[in-house]
Amino acid sequence: MASSSSDQRRTPLPPVDYIKGVNGLDKIVLREVRGSTAEIYLYGGHVTSWKNDHGEELLFVSSKGRGRRSMFNINILLSPSFSPSLSPSLSPCSTDLPSDSSEAQFKPPKAIRGGIPICFPQFSNLGTLEAHGFARNRVWSVDPDPPPPPNNKAYVDLILKPTEDDLKIWPHSFEFRLRVTLGPGGDLMLTSRVRNTDTKPFTFTFAYHTYLSVSDISEVRVEGLETLDYLDNLQNKERFTEQGDAITFEGEVDKIYLSTPTKIAILDHERKRTFVLRKDGLPDAVVWNPWDKKAKMMADFGDDEYRHMLCVEAAAIEKPITLKPNEEWRGRQELSAVPSSYCSGQLDPQKVLLGT
């Protein structure tokens, strides 16, 4: 007897999975019906993968940090009743695991090199804390009953609150809620909400330290930041004004662009792909590539990997954010990847920068 067409259909994977990742660390996988995916580790509240509907990876993660990925899949659909327990079996890996350098990056307390690290409550070394703060080095929890987003998008809500040790180095109580959403077209959106739960004001800086995967950095240009002022971290944060029609790359770059537009385009000529970064509540934008000499000095970064990545980061740095008790700040970044619409390297601004 012939089976029915419904029997022949593959059972669709759930839009949200709770699974094991590198070194047994817990992660969330979001799936969109057309095939795009995103992966988020509870360690760091860290997005480590964003793939389009062709399965192409759009974020860069250093090969020295990927290590061995567990094939174990709990395959649990997140629901309002789901509340993952941070039991010892789900805690950061113990120090007696093999110290293979290819796994060092996914072993707390080391931050993951690549993806989208959350820099909070301090960007870089602009303060007394460790570089980029501590949010990227902490285990976040999952909100078991978050409000749903519109249009039935795949999403997860994570929460971070300070530990007693955190309060010793940064004595401010807060609640940080991060929503990661995968839209119907494969767009990736991160929305951060920081609430002051203390009795006194506090101030912080912030960045989505986004590592984009590119074919070759020499084939990449950034549109939307021309003529803007920036602080050059390679020249003691001296202030300059960007010259030229677009940003191209011939050496190390580490700049903080100020009062930037809400939309920035990153063109990858070889792949004929344009990343469009939209942001809200984040006036600054960091552009960073370590180039060859600095890449060789970084233990968790391949010597030649600088060629295949570019950081473009929505941020709030020049003017730190101050919250009074019970006040809340919101910062959003949305990433999309579209076919490039340019001829001989020229971007069509109507289609990308000024388009919707």
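The present account deals with the structure reproduced in this document. (Residues numbered from 1 in each chain as written. Predicted model: local features only at pLDDT ≥ 70, side-chain atom pairs only at ≥ 80, totals over all residues. Heavy atoms only, no water.)

## A short note on the sheet that holds strand β9 (residues 174-182)
Okay, so step 1: Taken in spatial order, the 8 strands make up an open sheet running β7-β8-β9-β10-β21-β18-β17-β13, and their pairing is antiparallel. Because the sheet does not close on itself, it has two edges, and the strands there are β7 (141-142) and β13 (220-223). (Pairing = 2+ DSSP bridges. Helix = DSSP H or I, 4+ residues; strand = E, 2+ residues; numbered from the N terminus.)

## As for the nonpolar core
Grouped burial of nonpolar side chains is what soluble globular proteins tend to show.
Okay, so step 1: Judged by nonpolar contacts, the single largest core of 73 residues is most densely connected at Leu30, Phe120, Phe176, Leu188, Phe204 and Phe249.
Okay, so step 2: At 8 residues, the largest contribution of residues to this core is made by strand β20 (residues 309-323).
Okay, so step 3: Residues contacting Phe176, with those up to four places away along its chain left out, are Ile118, Phe120, Trp140, Leu158, Ile159, Leu160, Ser192, Arg193, Val194 and Phe206.
Okay, so step 4: Phe123, Leu231, Val286 and Ile317 belong to the second largest nonpolar core, which has 9 residues in total. (Core = buried A, V, L, I, M, F, W, Y, C linked by side-chain atoms within 4.5 Å. Buried < 20%, exposed > 50% of the residue type's maximum accessible area, 1.4 Å probe, protein only. Contact = heavy atoms within 4.5 Å.)

## With respect to the pairing of strand β16 (residues 253-257)
Okay, so step 1: Within β16, 5 of the 5 residues are buried, which leaves the element mostly enclosed by the surrounding structure.
Okay, so step 2: Covered by surrounding structure in β16 are Val253, Lys255 and Tyr257 together with Asp254 and Ile256, the residues of both alternating faces.
Okay, so step 3: As paired elements, strand β14 (residues 229-232) and β16 share 3 bridges and run antiparallel to each other. Bridge pairing links Tyr230 to Tyr257 in β16.
Okay, so step 4: Across 5 bridges, β16 lies against strand β19 (residues 284-289) in antiparallel orientation. Residue pairing in the sheet places Lys255 in a bridge with Val287 of β19.

## Some thoughts on the side chain of Ser49
Okay, so step 1: With respect to the element layout, Ser49 can be found in strand β4 (residues 46-51).
Okay, so step 2: Look at Ser49 and you get buried, because its relative accessible area is 5%.
Okay, so step 3: A polar side-chain atom of Ser49 sits 2.6 Å from a polar atom in the side chain of Glu57.
Okay, so step 4: Contacts of Ser49, omitting those with residues within four sequence positions, involve Thr37, Ala38, Glu39, Glu57 and Leu59. (Polar contact = N/O pair within 3.5 Å; in protein donor to acceptor, adjacent residues only side chain to side chain.)

## Some remarks on the pattern of salt bridges
Okay, so step 1: All told, the structure shown has 23 salt bridges when counted by the stated rule.
Okay, so step 2: Close ionic contact of Arg34 with Glu32 constitutes a salt bridge, the shortest N to O distance being 3.2 Å.
Okay, so step 3: A relative accessible area of 55% places Arg34 in the exposed class.
Okay, so step 4: Between Asp198 and Lys200 there is a salt bridge, and its shortest N-O distance comes to 3.5 Å.
Okay, so step 5: With a relative accessible area of 13%, Asp198 lands in the buried category.
Okay, so step 6: Residue class for Lys200 comes out partly exposed when judged on its relative accessible area of 38%. (Salt bridge = Lys/Arg side-chain N within 4 Å of Asp/Glu carboxyl O.)

## As for the environment of Gln243
Okay, so step 1: Within the secondary structure, Gln243 sits in the loop between β15 (238-241) and β16.
Okay, so step 2: Exposure remark for Gln243: the relative accessible area of 60% places this residue in the exposed category.
Okay, so step 3: Within the local environment of Gln243, its side chain forms a polar contact with the backbone oxygen of Thr241, the two atoms lying 3.2 Å apart.

## Observations regarding the environment of Tyr257
Okay, so step 1: Take Tyr257: it is sitting in strand β16.
Okay, so step 2: Relative accessible area serves as the criterion here: at 0%, Tyr257 is assigned to the buried category.
Okay, so step 3: Placed 15 residues apart in sequence, Tyr257 and Glu242 show a C-alpha to C-alpha distance of 8.8 Å.
Okay, so step 4: When residues no more than four places from it in sequence are discounted, the contact partners of Tyr257 are Leu225, Leu228, Asp229, Tyr230, Glu242, Ile247, Pro283, Asp284, Ala285 and Val287.
Okay, so step 5: In terms of polar contacts, Tyr257 uses its side chain to reach the side chain of Glu242, at 2.6 Å.

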